Amino acid sequence: MSERGPYRIAVVGAGPSGLYAVAALLKSQVPVSIDVFDRLPTPYGLVRFGVAPDHAKMKTVIDTLRKPFEVPDVEYFGNVTIEPGFGAQHLREHYHAVVYATGSQRDRDLAIEGEELSTGAVRFVNWYNGHPDAAQADFDLRGEQVAIIGGGNVALDLARVLLKDPDQLGRTDIPDRVLERLRSSSVREVNIFIRRGPAEVKFTPVELGQIGELADVDVFLHNADLPRSAAGSELDRRVKRNLEHFEEWSGREPGGKPRSVHFWFHTRPVEISGSARPEAIVVEQQPATGHSEQDAGRAAGRNPRSIPAQLVIRAIGYDARPVPGLPFDPASGTVPNRDGRVVDRTEIVQGSYVTGWIKRGPTGIIGTNRSCAAETVAAVLADLDSLPAPRLPSRNDLRAALAARAARRTDWQDWLVLDEHERGLGRSRGAERVKIPDLPSILAVLD
Ligand code: NAP
């Protein structure tokens, strides 16, 4: 543990993983001053831009995440990108330790014919969540059928947002232009393609159950080889509860409702057809795991069928962008590390740490980042006394370097102004807040 100090620490990424790391550093009582960087003008990362608009309860974690900024020794540097020229090398000159919590911000590729006609979930989620990266995005929802590929919670978020009553979405923080688009949407049928069986989906039961609660939406299951009984078996609790939902839906009489969700199990996409936009998705049956090789051989490639889709969204998991100046493993989409200490081949990169999805890959719920950050911060604290002092030790040096760059840096006071402004917009729509989805408009509010 430290004997010197105060220590200068940078945290790159103001999402839940970065802010849990800040909270853990403060809790340690070691004298630290912490600068938190984010490439976006606003804090909270995945909570603001990943959590679906109708999951308001999940967003209340913000009440915890904002607490570090009430401490004078913590400063927010928003709209600052860590990039070549202002990368890991540069930060190392200013800080004893740098904790990277940059997450996974892009879609995995599917590598099938016609993929370019599809959109990645990141872009669609960014659009409905008012992320500045999607300020120019728009989606044509005049078609009746949407295909979603993937059996994780992001697929469920997409299906729910597409099929939920827009009046209910109007009471969330969804941007006005997105709400308008959803109000005029013609989408009637969402097909979710999952390459494995009902017991192997990545869904969490609460989120899955919400699909069955959507008003005026029938749920259909295809190729659902449900185990005879989930009750009393050795399946884990999450799987059992998922299976209970599927069992209930498989016993429901279709209600002739105007909209529907179809879960296609053991089904993989092989092609997206269309010209300027998608027209259909070609899928094949995937052999169930546990089948004998002979069965698998017979089932492989079976029953190819074309299902109309005027919008195809890939929700097959996220991938990370490398951090300039840090090693990166493209296969796992992570920065190689040992308990949060960055490792280059076999060597520890002194003073550089990772936490969150860039450390362990895009899995887990928001709370998972708390224990992940605790592990990384324990490594930081153990190392602090042996780390070299920064060459440029004052925040003024950093401010001067940032002022010389083109982008206008935002600070915590700016966020409070924007926060109040968005809440004001919310009041006029009967919502808690309405997000401003683009950087120029955000800066206009601030300036
Ligand atoms: P995910 O949970 O990893 O699910 C990805 C899905 O895509 C899996 O079903 C996977 O199948 C499938 N897939 C992967 N590659 C594929 C391919 N080439 N072809 C067809 N299918 C493929 O990822 P996610 O949905 O993006 O979620 C990311 C994380 O955020 C998860 O931890 C999730 O729980 C979390 N999240 C939570 C919430 C919430 O709590 N409400 C909301 C959104 C996201 P296999 O299983 O066969 O690999």
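Note that the structure is predicted; figures quoted are calculated from it, not measured. Numbers given to residues run from 1 along each chain, matching the order in which its sequence is written. Only residues with pLDDT of 70 or above have their local features reported here, since the model is predicted, and side-chain atom pairs are shown and tallied only from 80 upward, although totals for entire chains, interfaces and linings are computed over all residues. The basis for every side-chain value is the complete set of heavy atoms in the structure, and neither hydrogens nor water enter the calculation.

Draft legend 1. Region of the structure containing the sheet that holds strand E9 (residues 217-222). What the 6 strands build is an open sheet, ordered E6-E14-E7-E8-E10-E9; its pairing is parallel. Two strands bound the open sheet, and with one partner strand each, they are strand E6 (119-120) and E9. Alignment of strand E8 (residues 189-193) against strand E10 (residues 259-264), held across 5 bridges, turns out to be parallel. Bridge pairing in E10 links Val-190 to Val-261. In the packing of helix H7 (residues 153-163) onto the sheet, the strands contacted are strand E7 (145-149), E8, E9, E10 and strand E14 (311-314), and the crossing angle to E8 comes to about 175°. Two strands qualify as a pair provided DSSP detects at least 2 bridges between them. Numbering of helices and strands starts at the N terminus; helices are DSSP runs of H or I of at least 4 residues and strands are runs of E of at least 2. The contact rule is simple, with two residues in contact once any of their heavy atoms fall within 4.5 Å. To define axes, lines are fitted to C-alpha atoms, for helices over the stretch in contact only, and angles between the resulting N-to-C directions are given on a 0 to 180 degree scale.

Draft legend 2. Layout of the domain arrangement of the protein. How far each domain reaches was decided by an automatic or database domain assignment. Entries for the protein in the domain assignment read domain 1 (7-105 + 320-410) and domain 2 (108-318). Facing 17 residues of domain 1, the contacting portion of domain 2 comprises 21 residues. By buried area we mean how much accessible surface two parts lose on assembly, using a 1.4 Å probe and totalling the loss over both. When domain 1 packs against domain 2, close to 1,500 Å² is buried across both sides, 55% of that on carbon and sulfur atoms. Three residues, Phe-49, Pro-53 and Asp-54, lead the burial of domain 1 against domain 2; their summed loss comes to 41% of the area buried on that side. Here a salt bridge means any side-chain nitrogen of Lys or Arg lying within 4 Å of a carboxyl oxygen belonging to Asp or Glu. Linking domain 1 with domain 2 are 4 salt bridges. Here Asp-54 and Arg-160 are joined by a salt bridge, their closest N and O atoms 2.8 Å apart. Each polar contact in these results corresponds to two N or O atoms within 3.5 Å; when the atoms are within protein, one needs to be able to donate a hydrogen and the other to accept it, and residues that are neighboring in sequence are counted only if both atoms are side-chain atoms. Counting the contacts that link domain 1 with domain 2 gives 8 residue pairs in polar contact (both at pLDDT 80 or more).

Draft legend 3. Summary view of the site of the ligand. In the region of the ligand, 20 residues are neighbours, and Gly-151, Val-154, Arg-195, Arg-196 and Gly-364 sit closest. Gly-151 has a polar backbone atom sitting 2.9 Å from an oxygen atom of the ligand. Measuring from an oxygen atom of the ligand, one finds a side-chain N or O atom of Lys-202 at 3.1 Å. For the ligand, whose accessible area on its own is 920 Å², the fraction buried by protein is 83%. Polarity classes work like this: nonpolar for Ala, Val, Leu, Ile, Met, Phe, Trp, Tyr, Cys and Pro, charged for Asp, Glu, Lys and Arg, and polar for all others, with Gly in that last group. Of the residues in the shell around the ligand, the class split is 7 nonpolar, 8 polar and 5 charged. In this structure, the shell around the ligand is formed jointly by two domains, domain 1 (7-105 + 320-410) and domain 2 (108-318), each of which donates at least three residues. For this description, a residue counts as near a given molecule or strand if any of its non-hydrogen atoms is within 4 Å of it. Note that accessible areas follow from Shrake-Rupley with a 1.4 Å probe, and for residues the cover is restricted to the protein chains shown.

Draft legend 4. The packing of aromatic side chains, seen in detail. Aromatic rings from Phe, Tyr and Trp, with only the six-membered ring used for Trp, were paired whenever their centres fell within 6.5 Å, and each pair was classed as stacked if the ring planes differed by under 30 degrees, edge-to-face if by over 60, and tilted otherwise. Taken as a whole and assessed by the stated rule, the structure comprises 20 aromatic pairs. Ring plane angle 25° and centroid distance 5.1 Å describe the contact between Phe-37 and Phe-77, whose orientation is recorded as stacked. Of the two residues, Phe-37 sits in strand E2 (residues 32-37) while Phe-77 sits in strand E3 (residues 74-77), which places them 40 residues apart along the sequence. For the pair Phe-37 and Phe-77, one class covers both residues: buried. Ring geometry for Phe-246 and Phe-263: centres 5.7 Å apart, planes at 75°, overall edge-to-face. Here Phe-263 lies in strand E10 and Phe-246 lies in helix H11 (residues 237-250), a separation of 17 residues in the sequence. Considered together, Phe-246 and Phe-263 belong to a single accessibility category, that of buried residues. A simple rule labels every residue: compare its accessible area, found with a 1.4 Å probe on the protein chains alone, to the largest value its type can have, and call it buried under 20%, exposed over 50%, or partly exposed in between.

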